[in-house]
Structures are given as C-alpha cells and as structure tokens.
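Structure at a glance
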Amino acid sequence: MPITNSKEKFVHELADMYDAEHQFLQAMGKMRDMASDQKLQTMLDEHMQQTEEQISKLEEVFAEVGEEPKRQQCMGAKGLIEEATSMMQEAGSPEIRDAVIAGAATKAEHYEMVGYADLIDGAEMLKKRKSVRLLTENREQESSTARRLERLAPRLGKAAA
Ligand SMILES: [Fe+2]
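The paragraphs below set out a description of the structure included in this document. In this text, all values refer to a predicted model and were calculated from it rather than measured experimentally.

**Observations concerning the nonpolar core**
One finds Phe10, Leu40 and Leu135 to be the most contacted residues of the largest nonpolar core, which totals 43 residues. Listed by contribution, the elements that provide at least two residues to this core are helix H1 (6-34), helix H2 (38-64), helix H3 (75-90), helix H4 (94-125) and helix H5 (129-160). Residue contributions to this core peak at 12 residues, all from H1. If we skip the residues at most four places from it in the chain, phenylalanine 10 touches Val61, Val65, Leu119, Gly122, Ala123, Leu126 and Leu135.

**Focus: unusual backbone geometry**
Phi is positive for lysine 127, which is not a glycine, with a value near 60°. Here lysine 127 lies in the loop between H4 and H5. Overall, lysine 127 belongs to the exposed group, its relative accessible area being 69%.

**Remarks on the packing of H2 against H5**
Put simply, H2 and H5 touch, their axes get as near as 10 Å, and they point 165° apart. With respect to each other, H2 and H5 are oriented roughly antiparallel. Between H2 and H5 lies a crossing of left-handed hand. Its residues assigned to classes, the contact of H2 with H5 shows nine nonpolar, seven polar and 12 charged.

Parameters at a glance
Residues numbered from 1 in each chain as written. Predicted model: local features only at pLDDT ≥ 70, side-chain atom pairs only at ≥ 80, totals over all residues. Heavy atoms only, no water. Core = buried A, V, L, I, M, F, W, Y, C linked by side-chain atoms within 4.5 Å. Buried < 20%, exposed > 50% of the residue type's maximum accessible area, 1.4 Å probe, protein only. Helix = DSSP H or I, 4+ residues; strand = E, 2+ residues; numbered from the N terminus. Contact = heavy atoms within 4.5 Å. Axes fitted to C-alpha atoms, helices over the stretch in contact; angles between N-to-C directions. Parallel < 35°, antiparallel > 145°, perpendicular 65-115°, else oblique. Left-handed = near helix turned anticlockwise from the far one by under 90°. Nonpolar A, V, L, I, M, F, W, Y, C, P; charged D, E, K, R; others polar.

Fair warning: the whole summary comes from geometry, so function is off the table for now.
Written out as structure tokens, the structure reads:
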C-alpha cells in the first residue's frame, strides 16, 4: 500500500512496531528458557511483562488515531531474532550463551528505542498528545532495560571468558 501522508507513515511504522513487540516477546521467552544466569532470567521475565503492557499501549495509540491494531511484519526485528537464535545455538557453554543473550537483547532494545523516537516525532506532528505520552513511556522502558543489560554485560562477559 502506498504511503502518501504523515498519518499513513505513522500508522505504517506503528504497525511495524506492534509486530516487532510481538516478535520480541516470543523471542524473549525462548531466550529466558535458554539463559542460565539468574539475574539475566529475572531481567528477561520483567521485560516480558513490560512488553505485554507496551503492546496494550500501542493498541491505545492505534485507537487514538482511529485505526484497528494491525501487524506489519518488521524485518528488522526478524533479522535481529534470527541472528540471536543462530548465535545462541552455536554458543559452546551456558556462560557464553548468557553473554550472547544479553548482547542480543541489548541490540533489540536499542532498535526499539530508535523506532519509538521516530513514532514520538510522528505522534507530535499529528498532535496526538496521549500517544506521545504512551510512546514516551515505552521508549523509557526500553532505554532503562538497555542500561540494565549493559550493566550486567561485563560480569557475563567475564564468566564466558
Ligand atoms: Fe523492549
């Protein structure tokens, strides 16, 4: 479908993010099952919970722009997940696998942060104030999760060495 105005662009990107969050939610469940480090498991559990709330917030954003929630396959998320999956399978020890999982999860969070920043700009342009607030809340959760993962990474890296 051609994108001819900023609302259509926004809705397209929103549907892309809506799909990305679903894909990441499923992938995090698999990462959580493959993780050995307790702190990493807890962080993944907590972020899965947050992701479910983020999906509901995206549904509220769809509502504010008068659209039904729909998923548009996010190729970026698909690629990140495929890469993470093959690296997890190749990891030669639980410690290496944990370091791989933390790195892959951090990449996903940064990818989402950039996507949300773009969506916030779009919602501002459309003067959808509730959407700006909801999208900002999601972006802040992604960014605090990324920071927490980055703080955990050195210990996991050392264990894997
Ligand atoms: Fe996330």
